[in-house]
Amino acid sequence: MNLSEKYGLGTTGKIVEAFLVSKLPIIFIITSLLAGAAALILTPREEEPQIVVPVIDIMISMPGATPSEIENLVTINLERKLWEIDGVEYVYSSSRAGSAVVTVRFFVGQN
């Protein structure tokens with residue numbers, strides 16, 4: 001008499017019983033270890049991949065201007081124009097007294 005008949009186990013109990021009394025868990029463990037080893041061996045990898053992310057930094061100088069003047073007169077307008085370029089992923093900017101820096105990042109592989 002097996003456990004499921006003795007204790008009236010349902011479907012879940014029968015599945016648990018199958019794992020407890022059979023060789024199925026050992027087969028799953030061995031299969032998982034072999035699949036993991038195959039993945040490690042067959043997956044190509046490079047220690048230091050060469051990924052080129054095209055970036056342009058634009059530096060603007062406006063001596064004597066406040067950060068808000070540079071932002072309103074130069075930075076905002078320049079950002080709008082830069083977004084019109086094909087392949088632009090992000091545009092970052094920083095305005096400070098007398099200068100601003102706008103960084104344009106393109107999608108990887110974009111010329």
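Residues numbered from 1 in each chain as written. Predicted model: local features only at pLDDT ≥ 70, side-chain atom pairs only at ≥ 80, totals over all residues. Heavy atoms only, no water.

Engineer: Kindly report on the overall build of the protein chain, identifying the contributing residues and their values.
Structural biologist: Across its full length, the protein chain carries 4 helices and 3 strands. Along the protein chain, helices and strands appear, N-terminal first, in the series α-α-α-β-α-β-β. In terms of C-alpha radius of gyration, the protein chain reaches 31 Å, well past the compact-globule figure of 13 Å for 111 residues. Classification of the 111 residues of the protein chain by burial places 17% in the buried group. (Helix = DSSP H or I, 4+ residues; strand = E, 2+ residues; numbered from the N terminus. Rg over C-alpha atoms; globule rule 2.2 N^0.38 Å. Buried < 20%, exposed > 50% of the residue type's maximum accessible area, 1.4 Å probe, protein only.)

Engineer: For the sheet that holds strand 3 (residues 99–106), give the residues involved together with the corresponding values.
Structural biologist: Spatial ordering of the open sheet is given by 1-3-2, a layout of 3 strands whose pairing is antiparallel. What marks the edges here is a single partner per strand, and that holds for strand 1 (55–61) and strand 2 (88–96). For this sheet, the mean inter-axis angle between neighbouring strands, taken without regard to orientation, is 15 degrees. Pairing of strand 2 with strand 3 involves 8 bridges; the strand directions are antiparallel. Along strand 3, the bridge assignment pairs Val91 with Val104. Running over the sheet, helix 4 (residues 67–83) touches strand 1, strand 2 and strand 3 and is turned about 170 degrees from strand 2. (Pairing = 2+ DSSP bridges. Axes fitted to C-alpha atoms, helices over the stretch in contact; angles between N-to-C directions. Contact = heavy atoms within 4.5 Å.)

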